[in-house]
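Survey of secondary and tertiary structure
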Amino acid sequence: MDFQWNLVWSSVPTLLEGAVLTLQLTTIAVSVGVVLGTIFGIMRLSRTPLRYLAMGYIDFIRGTPLLVQIFIIYYGVPNLLPRLFTTGIQPYVAALVALSINSGAYVAEIVRAGIQSIEKGQTEAALSLGLSSTATMIHIILPQAFKRIIPPLGNEFIALLKDSSLVSAIALEELVRKAQIVSGRTFRPFEVWFVVAIMYLIMTVTVSRIVSILERRLRVGE
Amino acid sequence: MAIIEVTNLHKKFKDLHVLKGITTTIKQGEVVVVIGPSGSGKSTFLRCLNFLELPTSGEIKFEGNLITHRNLQLVRREMGMVFQRFNLFPHMKVVDNITLAPKLVRKTEPAIAESQAHALLERVGLSDKADAYPEQLSGGQQQRVAIARALAMRPKVMLFDEPTSALDPEMIGEVLDVMKSLAADGMTMIVVTHEMGFAREVADRVIFLDDGLLVEENSPDQLFSAPQHPRTQSFLSKIL
Ligand SMILES: Nc1ncnc2c1ncn2[C@@H]1O[C@H](COP(=O)(O)OP(=O)(O)O)[C@@H](O)[C@H]1O
Ligand SMILES: [Mg+2]
């Protein structure tokens, strides 16, 4: 087999730039996703009409392809709000918004399951001490739920890390887009995509390791 | 003086009619033990008193005021509750379990809440466990912490729902001892339990619930030695 190592080495710095952007997009999107997901996950469980809003959001995001969501944000939002976006929307901003909104819906389901997994006795003990239901959620339920949802949150991070490659479709130069550029320039697609696969693998394996360490550290009081 | 007045309390879960009109008055400083067969509605009765279960109809007054959604939180902080399964907060140290509600609800200064917590731990015989997590304690120790946690709110009434039923036999005594000392200090207590020895020794009054009805109530001496109602007689013949 004719595998050109020198070509691999020369493409690494460019690909690394892409990998850094991939990691950055994913980290920001999942962080925003955790905030959105906590809010919508709680709304989903509330007995107010707000839960229908949460259900609509979650169903829409989980029921449509991420690529379509990215295009809707990238092309649709400037169309809807032409005065705000006279020169269109930056691919970076569109990508972040789309990935965050997408992540929020998946995290909302994770948070909902986490909250529901906490024994009812915890809520009852807190209420019987005179805590409000908000204080009960903040001090008793969420801290326990967050410990339990660290593994599924890790999975969500890994899934989004891989799915974020779809933003290459709006010409944002994350890892996959960089690879397309490099392989077009060098005509050596196999080497380039091989390196790309290794880079994704290193990132996802590192994340899983961090998650299991966190999980072990936080096991006190389970 | 009456502290809790229950009038014609009904509770239904969908089609299941669990409490079928309970009327009784709990006096200040009284220790009332509630007995009855499993499924007779003892827990539901206790949980209606602090509205963990919403009564279907009837009235509950606390210190003369009707309990409603508006004053519910105010009433709950005056009624401590101890559960069969302890329900300590597993993510918090023992001391934080005890100080949480005083700090959040009563706005007690953290330093004061903490010194109160240590005093309460001493009272239940666990001064050395302040920094432990609940999972590091035995069942009997957890239940004593749960009692200390409820007492930290300085409640006027304590509700106990089978506080020793989940415990290994050798740990029952340590929990009952704490409850006896509370009773001796004049705490108003409503206790669901199968510990008839405790009822005899401590209760001012025993209530027998059967099938959602308050069948009979009397002093422990009277009720245990001369039950009036055939259902009480049959229940007591099975357990005594
Ligand atoms: N949340 C609930 N939903 C439906 N049924 C319930 C609920 N809680 C209790 N019950 C039913 O009410 C009856 C009385 O229960 P409970 O008050 O726990 O009895 P006890 O404490 O005397 O054993 C039982 O038949 C039980 O299954
Ligand atoms: Mg019960």
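Now for a quick tour of the structure. Values in this document were obtained by computation on a predicted structure and should not be read as measured data.

On to the packing of helix α1 (residues 5–45) of chain A against helix α6 (residues 133–148) of chain A. All names here are of chain A. Closest axis-to-axis distance for the α1/α6 pair is 13 Å, and the angle between their directions is 120°. Relative to α6, α1 is oriented oblique. The element α1 and its partner α6 pack so that their crossing is right-handed. The residues of α6 that touch α1, namely those facing V34, T38 and I42, are M137, L142 and F146.

Turning our eyes to something else, we now look at the side chain of T188 of chain B. Residue and element names in this part refer to chain B. Note on placement: T188 falls in strand β8 (residues 188–192). On the basis of relative accessibility, which here comes to 1%, the residue T188 falls in the buried class. Separated by 2.7 Å, the side chain of T188 and the backbone nitrogen of G29 make a polar contact.

Attention shifts here to a nonpolar patch on the surface. Residue and element names in this part refer to chain A. Taken together, F190, F194, I198 and I202 make up a surface patch of nonpolar side chains, about 380 Å² in accessible area. Structurally, the position occupied by F194 is in helix α9 (residues 189–217). On the basis of relative accessible area, F194 is assigned to the partly exposed category, the value being 38%.

Below, the discussion takes up the interface of chain A and chain B. With 21 residues of chain A in contact, the opposing surface of chain B contributes 24 residues. Taken over both partners, the interface formed by chain A and chain B buries close to 1900 Å², and the fraction arising from carbon and sulfur atoms is 63%. R47 of chain B is the partner of E124 of chain A in a salt bridge, and the nearest nitrogen-oxygen pair spans 2.7 Å. The interface formed by chain A and chain B holds five residue pairs in polar contact (both at pLDDT 80 or more) in total. Where the side of chain A that touches chain B is concerned, the elements lending two or more residues are α5 (120–128) and α6 of chain A. Of all the elements, α5 of chain A adds the most residues to the side of chain A that touches chain B, at eight residues.

Attention shifts here to helix α7 (residues 150–163) of chain A. Residue and element names in this part refer to chain A. Between its first and last C-alpha atoms α7 spans 20 Å; for 14 residues at 1.5 Å apiece the expected length is 20 Å, and the two agree. Listing the buried residues of α7 in full gives I150, L153, G154, E156, F157, I158, L160 and L161. Of the surrounding elements, those touching the buried residues of α7 are α1, α4 (91–116), α6 and α9.

Before going further, it helps to examine the site of ligand 1. All names here are of chain B. The local shell around ligand 1 consists of F13, L16, V18, P37, S38, G39, S40, G41, K42, S43 and T44. Within the backbone of K42, one N or O atom sits 2.9 Å away from an oxygen atom of ligand 1. In isolation ligand 1 offers 560 Å² of accessible surface; the protein chains occlude 61% of this area. At the level of secondary structure, the elements contributing two or more residues to the shell around ligand 1 comprise β2 (16–27) and α1 (42–49). Ranked by the residues each element gives to the shell around ligand 1, the list is headed by α1, at three residues. Looking at the shell around ligand 1 residue by residue, the class counts come to four nonpolar, six polar and one charged.

Thresholds applied
Residues numbered from 1 in each chain as written. Chains lettered and ligands numbered in written order. Predicted model: local features only at pLDDT ≥ 70, side-chain atom pairs only at ≥ 80, totals over all residues. Heavy atoms only, no water. Axes fitted to C-alpha atoms, helices over the stretch in contact; angles between N-to-C directions. Helix = DSSP H or I, 4+ residues; strand = E, 2+ residues; numbered from the N terminus. Parallel < 35°, antiparallel > 145°, perpendicular 65-115°, else oblique. Left-handed = near helix turned anticlockwise from the far one by under 90°. Contact = heavy atoms within 4.5 Å. Buried < 20%, exposed > 50% of the residue type's maximum accessible area, 1.4 Å probe, protein only. Polar contact = N/O pair within 3.5 Å; in protein donor to acceptor, adjacent residues only side chain to side chain. Patch = residues over 30% accessible without salt bridge, like charges linked within 9 Å, V, L, I, M, F, W, Y side chains within 5 Å. Areas by Shrake-Rupley, 256 points an atom, 1.4 Å probe, with all protein chains shown as cover. Salt bridge = Lys/Arg side-chain N within 4 Å of Asp/Glu carboxyl O. Buried area = accessible area lost by both parts, 1.4 Å probe. Expected span 1.5 Å × (residues − 1). Near = heavy atom within 4 Å. Nonpolar A, V, L, I, M, F, W, Y, C, P; charged D, E, K, R; others polar.

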